[in-house]
Number of protein chains: 2
Amino acid sequence: MKVKINLDQLIQGVQDVMKAVSSRTTIPILTGIKMSVDSDGMTLTGSDSDISIERLIPVEENETVHIEIDNEGSVVLPARYFSEIVKKLPNDTVEIEIGERFETTLRSGSSEFSLLGLDPEEYPRLPQVEENHVFEMQGDLFKTVIRQTVFAVSTSETRPILTGVNMRLEDGLLTCTATDSHRLAERQIPVETGSEEISFSNVVIPGKSLNELSKIIDDNDENLQIVVTSNQVLFKAKNILFFSRLLDGNYPDTSKLIPSDSKTEIVIKTKDFLQAIDRASLLAREGRNNVVKFATIGNQTVEVSSNSPEIGKVFEHVIAEEMEGEELKISFNAKYMMEALKAMDCAEVKVLFTGAMRPFLLKPMGEQSIKQLILPVRTY
Amino acid sequence: MKVKINLDQLIQGVQDVMKAVSSRTTIPILTGIKMSVDSDGMTLTGSDSDISIERLIPVEENETVHIEIDNEGSVVLPARYFSEIVKKLPNDTVEIEIGERFETTLRSGSSEFSLLGLDPEEYPRLPQVEENHVFEMQGDLFKTVIRQTVFAVSTSETRPILTGVNMRLEDGLLTCTATDSHRLAERQIPVETGSEEISFSNVVIPGKSLNELSKIIDDNDENLQIVVTSNQVLFKAKNILFFSRLLDGNYPDTSKLIPSDSKTEIVIKTKDFLQAIDRASLLAREGRNNVVKFATIGNQTVEVSSNSPEIGKVFEHVIAEEMEGEELKISFNAKYMMEALKAMDCAEVKVLFTGAMRPFLLKPMGEQSIKQLILPVRTY
């Protein structure tokens, strides 16, 4: 292999696949990036066996030539060193040449690196994905769906299935759910499934995979193709393939958790409510598990408070836009509430309570596609 | 005490004095910020007993009123909580009132905090500094002097005196020196000493103090007054007093270390040289203590190289602007060289070698006030 490649393109490509490379892998060759050049261009691959990312740098794009190819070929290069080196090369192009025993030379300006490469035949094959279950949605929209749900996955390995986001597809409607059993986030969104009718219900994608995917997808309205199989999901964006394994096991039926009635309903400005909780939680962090108290006062005011015997106390008052039903005193984890409110993307939020000991529901005002559920904490 | 104060002013003041507050202090009251209000305004004080910072927020400044005073008084508030709270208060002013047993109420908009304060009488007095040895220089210039020397102080407590920067003043010329015994940085600068002739030689300011001071001084040309006593130094800027203890012990005589002759001299573009060393060091970090090799080739070219048997090797070539004297091969720590080059602030640097085993000297081209000395490492 001998090529001359635009450095910015290479840096961007390496940065994308590095998101799948882990320094803690038990498979030595996965500390490397696979680089293959054929007539389409240069394909870079990174993997930690859970996530694999394949990135094509095309020979030419929008009438700009990215790569001049002298010889095709492939090699595996030490990922961390290679990615640091390309970022610091002096010219705007680099010449890459594979020599004997996969020793690879990088020349850029007056700089010359020789890296000891590995045999690409020893690099694991990417999963073979049969494209039976395919649907599409805008990339930036899918990023929003990830942001609105993934924060609620469990970080504990006690129930591994809860460390992922559950995707269900039925009648062209995608439902994404995440819960750590203390709170739950759900987002529904219509998707394009082509002519074929497809449905599935027990697809659980690791939260970590979705976080990495989110960093790679461009913020534009180009379509993302999503291919689901029994143990893998593949996201196809422009020049990128992103594979993730799915979690084994049955995702719990969360539909029964969401209350259908309510005893107290408030509508409140999201930002004011969020900031009041943020301040109240300042005194709740240590020794109190970040739990704040919430109470309705009269028929218009919400009080958020916290009391730390060693530091002091805080009272916050927020005027609600609407308030109906029974008086209420309830306590909850401020972090859960703040994350739920931030995921809402709305000026006003509706909160539906069914008593101090029951989970309560948050919805953006006038919007049914997002639901956030939080379990209270007993303190009153 | 009861006052109403502009929140931005309070946030800035608290942020300044927080630089002296440590969470690891053994004196409980020093986890607090002392707040005193008198007719001048509000004075905030933070201290970790090594560094003490006193910050005045004047009642009025540039025809803007910062504080409305109902009652004077003082209190010590829990620093970490207080600083986090003020940053998040909703209004652009906050009302502060000290109640019984130093319980202090902060009211801003619909937010009300009560913090358990402590008796200000228990807060240690700031050092009494006699103003015998006073000199002045521009604040931004002193920040430059700090930046050009402080990186070279020792981080090891083996010889505590080397963790500080030595200041000597003679004939109106201030000399600042830092060394960790592997490299040395020296900066000279004329200062204003008023009518009186002052001189001192063994003033050693902890590197940590200078780093914190550097964060507080504004980037402008206002004068900084520097008051030196036998065990304290006081920096006086607008509305700020910054006290630091001095290090005990005798600073070594470093003047003999600096070679007066040279066998090889080069002049080289600082940026090109810096970037070549930066790249070469990429392969030198692990297992090789960041040591790179340097060699003159012919009478014009400098080669910087590194070889890591497990990863690969790198050769960098830089054309020197000038090169005189004997051929040279030498090895040195890339980090020391890069830090020295960055401190130079010059387009071209002159490097003076006196052989592969002797310390070598760097100076900005055409400039005598900065000297950087680096000890080589034996590898050739």
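Conventions we followed
Residues numbered from 1 in each chain as written. Chains lettered and ligands numbered in written order. Predicted model: local features only at pLDDT ≥ 70, side-chain atom pairs only at ≥ 80, totals over all residues. Heavy atoms only, no water. UniProt positions renumbered as here; feature names shortened; annotations may be inferred. Helix = DSSP H or I, 4+ residues; strand = E, 2+ residues; numbered from the N terminus. Core = buried A, V, L, I, M, F, W, Y, C linked by side-chain atoms within 4.5 Å. Buried < 20%, exposed > 50% of the residue type's maximum accessible area, 1.4 Å probe, protein only. Contact = heavy atoms within 4.5 Å. Salt bridge = Lys/Arg side-chain N within 4 Å of Asp/Glu carboxyl O. Nonpolar A, V, L, I, M, F, W, Y, C, P; charged D, E, K, R; others polar. Pairing = 2+ DSSP bridges. Least-squares fit on C-alpha atoms with pLDDT ≥ 70 in both. Phe/Tyr/Trp six-rings, centres within 6.5 Å; stacked < 30°, edge-to-face > 60°. Polar contact = N/O pair within 3.5 Å; in protein donor to acceptor, adjacent residues only side chain to side chain. Axes fitted to C-alpha atoms, helices over the stretch in contact; angles between N-to-C directions. Parallel < 35°, antiparallel > 145°, perpendicular 65-115°, else oblique. Left-handed = near helix turned anticlockwise from the far one by under 90°.

Chemist: Would you mind showing me how to read the UniProt feature "domain: DNA polymerase III beta sliding clamp N-terminal" (unreviewed entry) in chain A here?
Modeler: Under the UniProt annotation, the feature "domain: DNA polymerase III beta sliding clamp N-terminal" (unreviewed entry) is placed at residues 1-127 of chain A. End-to-end, the C-alpha atoms of residues 1-127 of chain A are 25 Å apart, and along that stretch the chain is 17% helix and 47% strand.

Chemist: Which parts of the structure should I look at to understand the nonpolar core?
Modeler: The tendency in soluble globular proteins is for nonpolar side chains to be buried side by side. If you look at the biggest cluster of nonpolar residues, it comprises 103 residues, and the most contacted ones within it are Leu10, Met42 and Phe142 of chain B. When residues of this core are assigned to their parent elements, the largest contribution, seven residues, is made by helix H6 (residues 334-344) of chain A. Excluding its chain neighbours within four sequence positions, the residues that come into contact with Met42 of chain B are Val3, Ile5, Leu10, Met35, Ser36, Val37, Arg55, Leu56, Ile57, Ile67 and Ile96 of chain B. Formed by 102 residues, the second largest nonpolar core is a distinct cluster that contains Phe113 and Leu174 of chain A together with Met323 and Leu341 of chain B.

Chemist: For this particular structure, what's the right way to read the interface of chain A and chain B?
Modeler: By a widespread convention, an interface's size corresponds to the accessible area lost as its parts come together. Facing 31 residues of chain A, the contacting portion of chain B comprises 31 residues. Linking chain A with chain B are four salt bridges. Across the salt bridge formed by Lys313 of chain B and Glu103 of chain A, the nearest N and O atoms sit 3.4 Å from each other. At the level of elements, helix H2 (79-88), strand E11 (111-116), helix H5 (270-281) and strand E23 (312-319) of chain A are the ones that each hand at least two residues to the side of chain A that touches chain B. Class assignment of the residues belonging to the side of chain A that touches chain B gives a composition of 14 nonpolar, five polar and twelve charged. Both E11 of chain A and strand E23 (residues 312-319) of chain B contribute to a ladder of five bridges, which runs antiparallel. Paired with Ser114 of chain A across the bridge in E23 of chain B is Lys313 of chain B.

Chemist: Any chance you could explain the pairing of strand E1 (residues 2-6) of chain A here in plain terms?
Modeler: For a regular strand, side-chain orientation follows a simple rule: the groups alternate between the two sheet faces. Residues and elements named next belong to chain A. Burial along E1 is one-sided: Val3 and Ile5 are buried, while Lys2, Lys4 and Asn6, pointing the other way, are not. Note: E1 against strand E7 (residues 67-71), four bridges, orientation antiparallel. Considered in E7, the bridge of Lys2 is made with Asn71.

Chemist: Just checking my understanding: could you explain the relation of the copies chain A and chain B for this structure?
Modeler: Relating the two copies of this chain is a rotation about some axis coupled with a shift parallel to it. The operation relating chain A to chain B is a screw motion whose rotation component is 180°, with 0.0 Å of axial translation and a residual RMSD of 0.0 Å. In short, the pair behaves as if placed about a two-fold rotation axis.

Chemist: Help me understand the packing of aromatic side chains in this model?
Modeler: Each aromatic ring pair is specified by the distance between its two centres and by the angle formed by the two planes. Residue and element names in this part refer to chain A. For the structure shown, the criterion picks out 16 aromatic pairs over all chains. On the numbers, 6.0 Å between centres and 75° between planes, the contact of Phe273 with Phe294 is edge-to-face. Taken together, the residues span a long stretch of sequence, with Phe273 in helix H5 and Phe294 in strand E21 (residues 291-297) at a distance of 21 residues. For the pair formed by Phe273 and Phe294, the shared burial category is buried.

Chemist: Which parts of the structure should I look at to understand the pattern of salt bridges?
Modeler: Any two side chains of opposite charge can pair, so long as their charged atoms come close to each other. Residue and element names in this part refer to chain A. Under the defined criterion, the tally for this structure stands at 39 salt bridges over all chains. Note that Lys215 is salt-bridged to Glu212, the shortest N-O span being 3.4 Å. Residue Lys215 and its partner Glu212 are both found in helix H4 (residues 207-216); the two are separated by three residues, about one turn of the helix. When salt bridges with common partners are traced through the structure, they connect Glu95, Glu97, Arg107 and Glu112 into a single cluster.

Chemist: Honestly, the side chain of Thr296 of chain B in this entry has me stumped. Any pointers?
Modeler: Residues and elements named next belong to chain B. Within the element layout of this structure, Thr296 appears in strand E21 (residues 291-297). Classification of Thr296 as buried rests on a relative accessible area of 8%. Engagement of the side chain of Thr296 in a polar contact is seen with the backbone nitrogen of Leu328, the distance being 3.0 Å. In this structure Thr296 touches Thr264, Thr301, Met323, Glu327 and Leu328, once residues within four positions along its chain are discounted.

Chemist: Help me understand the sheet that holds strand E17 (residues 223-228) of chain B, please; the structure alone is not making it clear to me.
Modeler: All names here are of chain B. Within the open sheet, the eight strands sit side by side as E8-E2-E3-E4-E19-E18-E17-E12. Their pairing is antiparallel. The open sheet has two free edges, formed respectively by strand E8 (73-78) and strand E12 (133-138), since each of these has just one partner strand. If you compare each strand with its neighbour and ignore which way they point, the axes differ by 15° on average. Relative to strand E3 (residues 41-47), strand E2 (residues 32-38) runs antiparallel, the two sharing five bridges. Paired with Lys34 across the two strands is Thr45, which belongs to E3. In the packing of helix H1 (residues 7-18) onto the sheet, contacts are made with E2, E3, strand E4 (51-58) and strand E19 (240-245), and the angle to E4 comes to roughly 165°. In the packing of helix H2 (residues 79-88) onto the sheet, contacts are made with E2 and E8, and the angle to E8 comes to roughly 95°.

Chemist: Got a minute to help me understand the packing of H5 of chain A against H6 of chain A in this structure?
Modeler: Between two packed helices, the angle of one axis relative to the other and the distance separating the axes together describe the packing. Residue and element names in this part refer to chain A. Across the interface, H5 lies against H6 with an axial gap of 10 Å and an inter-helix angle of 155°. Here H5 lies roughly antiparallel to H6, going by the angle between them. Once H5 is placed against H6, the crossing between them reads as left-handed. Only Ala334, Met337, Met338, Leu341 and Lys342 of H6 make contact with H5, whose side of the interface consists of Thr270, Phe273, Leu274, Ile277, Asp278 and Ser281. Residue composition of the contact of H5 with H6, grouped by class: seven nonpolar, two polar and two charged.

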